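One letter stands for each residue in the lines below.
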Amino acid sequence: VQLQASGGGLVQPGGSLRLSCAASASIRAINVMGWYRQAPGKQRESVAVITSDGVTNYADSVKGRFTISGDSAESTVYLQMNSLKSEDTAMYYCKILTRLFVEYWGQGTLVTVSS
């Protein structure tokens, strides 16, 4: 099973983007779905996660600006990003973790926030 992330691009500060992540086949027993990002020269960090029960958690730096949503039955996860800042520039990766602790990672989609 592969995850395909899409939706990245170049956007001006204050703009919005919606990232999507879909699995090539149905993933059973999903526990958590999430988005992570890695900026040049920095470690990968968690941006937002959502459990199969719909509980969400966000990095402090994106609270109030980003919204994660997902459908465990469809093995899809989304990230709505509003009020983007230059510091949001990074490669964004999606991840799905199952209850058997199997991890699936997407290939990454680049978000560049610049005027």
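In what follows, the structure referred to is the one given above.
Presented here is a report on the structure given in the accompanying data block.

Our focus in this paragraph is unusual backbone geometry. Even without being glycine, Ala29 reaches a positive phi, approximately 55°. In this fold, Ala29 is placed in the loop between strand S3 (17-23) and strand S4 (30-38). Take Ala29: its relative accessible area is 38%, and that puts it in the partly exposed class. Here Ser75, not a glycine, exhibits a phi torsion of approximately 55°, which is positive. Among the structural elements, Ser75 can be located in the loop between strand S7 (66-71) and strand S8 (76-81). Residue Ser75 is classed as buried on the basis of its relative accessible area of 0%.

Here we take up the nonpolar core. Grouped together as the largest cluster of nonpolar side chains are 28 residues, with contacts concentrated most on Trp35, Leu79, Met81 and Tyr92. With near-sequence residues (within four places) excluded, Leu79 lies in contact with Leu17, Arg18, Leu19, Trp35, Val47, Ala48, Phe66, Thr67, Ile68 and Tyr92.

On to the packing of aromatic side chains. According to the stated counting rule, one finds 1 aromatic pair in the structure shown. Stacked on the ring of Tyr78, the Lys or Arg Arg18 has its end atom at 4.5 Å from the ring centre. The cationic tip of Arg44 hangs over the ring face of Tyr93; the distance from NZ or CZ to the ring centre is 3.8 Å.

Moving on to the sheet that holds S7. Taken in spatial order, the 4 strands of this open sheet run S1-S3-S8-S7, and their pairing is antiparallel. Sheet topology places strand S1 (3-6) and S7 at the edges, where each strand pairs with a single neighbour. Strand-to-strand twist of the sheet, defined as the mean angle between neighbouring strand axes without regard to direction, takes the value 10°. Strand direction decides the pairing type here: S3 and S8, joined by 6 bridges, are antiparallel.

Right, let's get into the state of the cysteines. Applying the stated criterion to the full structure yields 1 disulfide. At a sulfur-sulfur separation of 2.1 Å, the disulfide partner of Cys21 is Cys94. Between Cys21 and Cys94, the S-S dihedral sits near 60°, and the bridge is therefore right-handed. Taken together, the residues Cys21 in strand S3 and Cys94 in strand S9 (residues 90-98) connect sequence positions 73 residues apart. Each of the two residues, Cys21 as well as Cys94, counts as buried.

Cut-offs and rules
- Residues numbered from 1 in each chain as written.
- Predicted model: local features only at pLDDT ≥ 70, side-chain atom pairs only at ≥ 80, totals over all residues.
- Heavy atoms only, no water.
- Helix = DSSP H or I, 4+ residues; strand = E, 2+ residues; numbered from the N terminus.
- Buried < 20%, exposed > 50% of the residue type's maximum accessible area, 1.4 Å probe, protein only.
- Core = buried A, V, L, I, M, F, W, Y, C linked by side-chain atoms within 4.5 Å.
- Contact = heavy atoms within 4.5 Å.
- Phe/Tyr/Trp six-rings, centres within 6.5 Å; stacked < 30°, edge-to-face > 60°.
- Lys NZ or Arg CZ within 6 Å of the ring centre and 35° of its normal.
- Pairing = 2+ DSSP bridges.
- Axes fitted to C-alpha atoms, helices over the stretch in contact; angles between N-to-C directions.
- Disulfide = S-S within 2.5 Å.

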